[in-house]
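Below, each chain spelled out in residue letters.
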Amino acid sequence: MTTPSRPHGPAPFPAPDEVNAEIRRLMEKPVGARRSEEYIRLLTLWTEAARSSTAWMKAA
């Protein structure tokens, strides 16, 4: 997954808690292919957000 570029670099990832909230809202929607695709997208985003929010990544 690529992040959208801005004039001053890539956009920062949202906090993992924000992505968790989006996943919870998504789970309230009817089951279907579109929800499954969005769930995969959000899990990927959560992984990147969690990775970028760790102390190790902040120090790098």
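Keep in mind it's a predicted model, so treat the numbers as computed, not measured.

(A) Structural detail: the packing of helix α1 (residues 16–27) against helix α2 (residues 33–52). One can describe the packing of α1 onto α2 by two numbers: an axis separation of 9 Å at closest approach and a directional angle of 165°. Between α1 and α2, the angle is such that the two are roughly antiparallel. Where α1 crosses over α2, the handedness of that crossing is left-handed. Here Pro16, Val19, Asn20, Glu22, Ile23, Leu26 and Met27 of α1 lie close against α2, whose contacting residues are Arg35, Glu38, Tyr39, Leu42, Leu43, Leu45, Trp46, Ala49 and Ala50. Taken together, the residues that form the contact of α1 with α2 break down as 12 nonpolar, 1 polar and 3 charged.

(B) Structural view of α1. Between its terminal C-alpha atoms α1 stretches 17 Å, which fits the 16 Å expected from 12 residues at 1.5 Å a residue. Among all positions of α1, only Pro16, Val19, Ile23 and Leu26 are buried. Buried residues of α1, viewed axially, fall in a sector of 75°; they line one side. α1 presents Asp17 and Arg24 as exposed residues on the side facing more than 90 degrees away from its buried surface. The secondary structure elements touched by the buried residues of α1 are α2.

(C) How the structure looks around the environment of Tyr39. The topology assignment puts Tyr39 in helix α2. Exposure remark for Tyr39: the relative accessible area of 33% places this residue in the partly exposed category. As a C-alpha pair, Tyr39 and Met27 span 12 residues in sequence and 8.5 Å in three-dimensional space. Other than its neighbours up to four places away in sequence, Tyr39 contacts Ile23, Leu26 and Met27.

What counts and what doesn't
Residues numbered from 1 in each chain as written. Predicted model: local features only at pLDDT ≥ 70, side-chain atom pairs only at ≥ 80, totals over all residues. Heavy atoms only, no water. Axes fitted to C-alpha atoms, helices over the stretch in contact; angles between N-to-C directions. Helix = DSSP H or I, 4+ residues; strand = E, 2+ residues; numbered from the N terminus. Parallel < 35°, antiparallel > 145°, perpendicular 65-115°, else oblique. Left-handed = near helix turned anticlockwise from the far one by under 90°. Contact = heavy atoms within 4.5 Å. Nonpolar A, V, L, I, M, F, W, Y, C, P; charged D, E, K, R; others polar. Expected span 1.5 Å × (residues − 1). Buried < 20%, exposed > 50% of the residue type's maximum accessible area, 1.4 Å probe, protein only. Arc of directions from axis to C-beta.

So, to be careful, I would describe these as geometric facts and stop short of saying anything about function.
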